[in-house]
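Residues per chain are reported as follows:
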Amino acid sequence: MGESMQGLHRTHRCTEISNKNIGETVTVMGWVQKRRNLGSLIFIDLRDRSGLLQIVFDEESVGTQGFEKAGQLRSEYVIAAEGTVQKRSAAVNENLKTGDIEVLAKSLRILSESETPPFPIEENSQTKEELRLKYRYLDLRRPDLQRNIMMKSRVTSLIRRFMEQEGFLEIETPILQKSTPEGARDYLVPSRVHPGHFYALPQSPQLFKQLLMCSGYDRYIQIARCFRDEDLRADRQPEFTQVDMELSFVDVDDVIDVNERLLQYVFREAIGVELQLPFPRLPWQEAMDRFGSDKPDTRFGMELVDVSETVAGCGFGVFTGALGQGGSVRGICVAGQGAMPRKKIDKLVEFAKGYGAKGLAYLCILEDGTYKSSFAKFMAPEGLQALVTKMDGKPGDLLLFAADSNKTVWNVLGALRVELGRQLGLIDEGRYDFLWVTEFPLLEWSEEENRFMAMHHPFTMPMEEDWGKIDAAPGQVRAKAYDIVLNGTELGGGSVRIHRNDIQEKMFEVLGFTKEKAWENFGFLLGAFQYGVPPHAGLAYGLDRIVMHLVKAESIRDVIAFPKVKDASDLMSNAPDKVDEKQLEELGIRIAAPASE
């Protein structure tokens, strides 16, 4: 049973007390982290969101009844203690903010008792994530998770403060909106009032923020909840938070400028790291050619080398076959790994297959300058020598090659490069390497749909100098699109938007939309564009991804209070779940097949 709070008032959080308060009477409240009973003295580590504070109970100070009560305390009991701040009687604890002081208790109230928790509440918990997520309310008591969640709150405040000074207005856009088929899969919400009709939850506020520009609001920002019914990866959640912005009367440089200064401000204020501006800019094509990725980790080298010309007609069927089908052969040089055991190389081959490779060709340059290779017997010695020279291979190096379509080769070597960088300890974890990837292709061909799809979305402005190629070579048209990348993670992306009707209509045509279909899906935006629309551009960040880097978390689940797991379910609340038959009837919905248990 818990006692009442009546007449009590908390004066400080645990670590708001310091040696400046010695001699003062304070009242603190929180959870019992642990209890040590030395017979005549009882020590309690009290925990709240600020940290730990030691409370001492002796019979003389707290009275016989209070001392007996202190003896009943267990982990996670919620207590209130009043007492005097004093210098620590025992040794100072250097690891604690309050390590040189303690509170000698005069009174104690047990506000709430606790059962033994299913796992210890401690930093860097070794408990399985499934169990921690089931009891997320206990997991969230862990000091490291609490610091992450508090950091997210701080970062949100910093962003709002900076953007307000830059003249941005915070405006909310609807959560219940119309489903639009371009992009990821929508979460649908049935309407009771309009049977057979559905709202969609927003994948992003894209159309509405563009409308706000048409309405003259000039600079908009929103910390927006977004929803995507996608198959999840480690860094994806079905619902997530975007820092969403749109600006009028701007071009690429204006958007990049305000965002570089925003990131500089957030990193300085949140973790005391000074970022150097401007960030480097890398055109998409160069990023793919050098790193095999449109979100390259530039904290280490091991860049890709295109050896297609060097191996043309070399006699090795894997290489020439890929070239014959319009693909490429590219390699990476893994310095000093020429003696890598075959078993380890085989593991790398398996890793590459996971990214679409049929295999990997390898060549070890031994210390004496001879080669050990999976394909040497298919090539003339001078061909091998030319290949090693092109790769800048030195004795003791390992060369790895992929041969396939450009897309597959980039995928495979881009992932392999990062994996090796991690395995070999080449990545400086203390570095923050920001860069902009620019000049993305406007369109990409979809084998599935057998048509061009917008690489970002259908409202992205092409680069003026490429617009002439839209009919003859649509795949070569570059977009005024830009992504902000940090240490191999895409933090956010955006583009200059199309504000001209003729370009927008042509864009829909290239994407295979009839005029009727375009108006049916995006009519309210196209309608607004008939009434004077300013040139505008925008960008959106994944807030969780920014915070993840600031706190160096392994997963975005560590910076979200109540995350979902890989199959988009919540282990704690058991969502999604079945609903009452009556609710379905009201909505005019019948489930086609009984949901299998």
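Everything here concerns the structure above.
Residues numbered from 1 in each chain as written. Predicted model: local features only at pLDDT ≥ 70, side-chain atom pairs only at ≥ 80, totals over all residues. Heavy atoms only, no water.

**Overview of the sheet that holds strand β13 (residues 328-334)**
Keep this limit in mind: At least two bridges found by DSSP between two strands is the condition for calling them paired. In DSSP terms, a helix is any run of H or I states spanning at least four residues, a strand is any run of E spanning at least two, and both are numbered starting from the N terminus.
Ordered by their spatial adjacency, five strands build an open sheet running β12-β13-β16-β14-β15, and the pairing between neighbours is antiparallel. Edge strands, defined here as strands with exactly one partner in the open sheet, are β12 (305-306) and β15 (371-373). Bridge count for β13 against strand β16 (residues 398-404) is seven bridges, and the pairing is antiparallel. The partner of Cys 333 across the bridge, within β16, is Leu 399.

**Observations concerning the packing of aromatic side chains**
Any aromatic ring pair is given by two values, namely how distant the centres are and how the planes are angled relative to each other. To keep things clear, this is the line we draw: Working definition: a ring pair exists when centres of Phe, Tyr or Trp rings (six-membered ring for Trp) sit within 6.5 Å. Plane angles under 30 degrees give stacked, over 60 give edge-to-face, the rest tilted. A 1.4 Å probe rolled over the protein chains alone gives each residue an accessible area, and that area as a share of the maximum for its type sets the label: buried under 20%, exposed over 50%, partly exposed in between. Two thresholds decide whether a charge sits over a ring: the Lys NZ or Arg CZ must be within 6 Å of the ring centre and within 35 degrees of the ring normal.
Taken as a whole and assessed by the stated rule, the structure comprises 21 aromatic pairs. With a centroid separation of 5.1 Å and 45 degrees between ring planes, the pair formed by Phe 351 and Tyr 355 is classed as tilted. Look at Phe 351 and you get partly exposed, because its relative accessible area is 23%. Three or more aromatic residues link up through ring pairs in this structure, and these residues are Phe 316, Phe 319, Phe 375, Phe 378 and Phe 401. Cation over ring: Arg 417 sits above Phe 300, and NZ or CZ is 4.0 Å from the ring centre.

**Some words on the packing of helix α5 (residues 206-214) against helix α14 (residues 515-528)**
In helix packing, the relevant descriptors are the interaxial angle and the interaxial distance, both defined with respect to the helix axes. For clarity, the cut-off: Each axis is a line fitted through C-alpha atoms, and for a helix only the stretch in contact is used; angles between axes span 0 to 180 degrees, taken between their N-to-C directions. Put simply, angles under 35 degrees are roughly parallel, angles over 145 are roughly antiparallel, angles from 65 to 115 are roughly perpendicular, and the rest are oblique. Handedness of a crossing is defined here by the sense of rotation of the near helix relative to the far one, left-handed for an anticlockwise turn of less than a right angle and right-handed for a clockwise turn. Contacts: residue pairs with any heavy atoms within 4.5 Å of one another. Residues are grouped as follows: Ala, Val, Leu, Ile, Met, Phe, Trp, Tyr, Cys and Pro are nonpolar; Asp, Glu, Lys and Arg are charged; all remaining types, including Gly, are polar.
Where α5 meets α14, the axes come as close as 9 Å, and the angle between the chain directions of the two elements is 15 degrees. One way to sum up the angle between α5 and α14 is to call them roughly parallel. Of the two elements, α5 crosses α14, and the hand of that crossing is left-handed. Residue-level inspection shows Leu 207, Gln 210, Leu 211 and Cys 214 of α5 in contact with α14, the latter providing Phe 522, Phe 524, Leu 525 and Ala 528. Considered class by class, the residues forming the contact of α5 with α14 number seven nonpolar, one polar and no charged.

**Comments concerning helix α12 (residues 406-423)**
Here is the rule: One fewer than the residue count of a helix, multiplied by 1.5 Å, yields its expected span.
Between the first and last C-alpha of α12 there are 25 Å, a value that for 18 residues agrees with the 26 Å anticipated at 1.5 Å per step. What α12 keeps buried is the set Thr 408, Val 409, Trp 410, Val 412, Leu 413, Gly 414, Ala 415, Leu 416, Arg 417, Glu 419, Leu 420 and Gly 421. Looking at the packing, one finds that the buried side of α12 touches α7 (284-291), β13, α10 (342-353) and β16. One or two residues past the end of α12 sits Gly 425, with phi positive at roughly 65 degrees.

**A short note on the pattern of salt bridges**
What counts, and what does not: Salt bridge, as applied in this entry: a Lys or Arg side-chain nitrogen positioned within 4 Å of an Asp or Glu carboxyl oxygen.
Counted under the stated rule, the structure contains 47 salt bridges. Its salt-bridge partner being Arg 261, residue Asp 257 comes within 3.3 Å of it at the nearest N-O pair. With Asp 257 and Arg 261 both in helix α6 (residues 252-271) and four residues apart, the pair spans about one turn of that helix. Since its relative accessible area comes to 28%, Arg 261 is described here as partly exposed. A single network of salt bridges, built from pairs that share partners, joins Arg 132, Arg 136, Asp 139, Arg 142 and Asp 144.

**A word on the packing of helix α4 (residues 143-165) against helix α15 (residues 543-551)**
Running from amino to carboxyl end, α4 crosses α15 at an angle of 120 degrees, the nearest separation of the two axes being 10 Å. If you check the angle between α4 and α15, you find them oblique. Crossing of α4 over α15 shows right-handed handedness. Along its contact with α4, which presents Asn 148, Met 151, Lys 152, Val 155, Thr 156 and Ile 159, the element α15 presents Leu 543, Asp 544, Val 547, Leu 550 and Val 551. For the contact of α4 with α15, a count of residues per class yields seven nonpolar, two polar and two charged.

**Points about unusual backbone geometry**
Note that the residue after Leu 277, namely Pro 278, is joined by a cis bond; omega there is -5 degrees. Mapped onto the elements, Pro 278 comes out in the loop between α6 and β11 (281-283). Omega for the peptide link from Ala 575 to Pro 576 comes to 0 degrees, which places this bond in the cis form. Of note, Pro 576 is situated in the loop between α15 and α16 (581-587). Phi is positive for Asn 450, close to 55 degrees, though the residue is something other than glycine. Mapped onto the elements, Asn 450 comes out in the loop between β18 (443-446) and β19 (451-454). One non-glycine residue with positive phi stands out, namely Lys 552, at about 55 degrees. Positionally, Lys 552 belongs in the loop between α15 and α16.

**Some remarks on the sheet that holds strand β4 (residues 78-87)**
Spatially, the five strands close up into a barrel ordered β1-β2-β3-β5-β4, and their pairing is mixed. If you compare each strand with its neighbour and ignore which way they point, the axes differ by 55 degrees on average. Inspection of the sheet shows strand β2 (residues 41-48) paired to strand β3 (residues 51-58) by eight bridges, in the antiparallel sense. In the sheet register, Leu 41 faces β3, and the bridge partner there is Asp 58. Each of β1 (25-37), β2, β3 and β5 (101-112) is contacted by helix α1 (residues 59-71), which is oriented at about 45 degrees to β5, the strand it contacts most.

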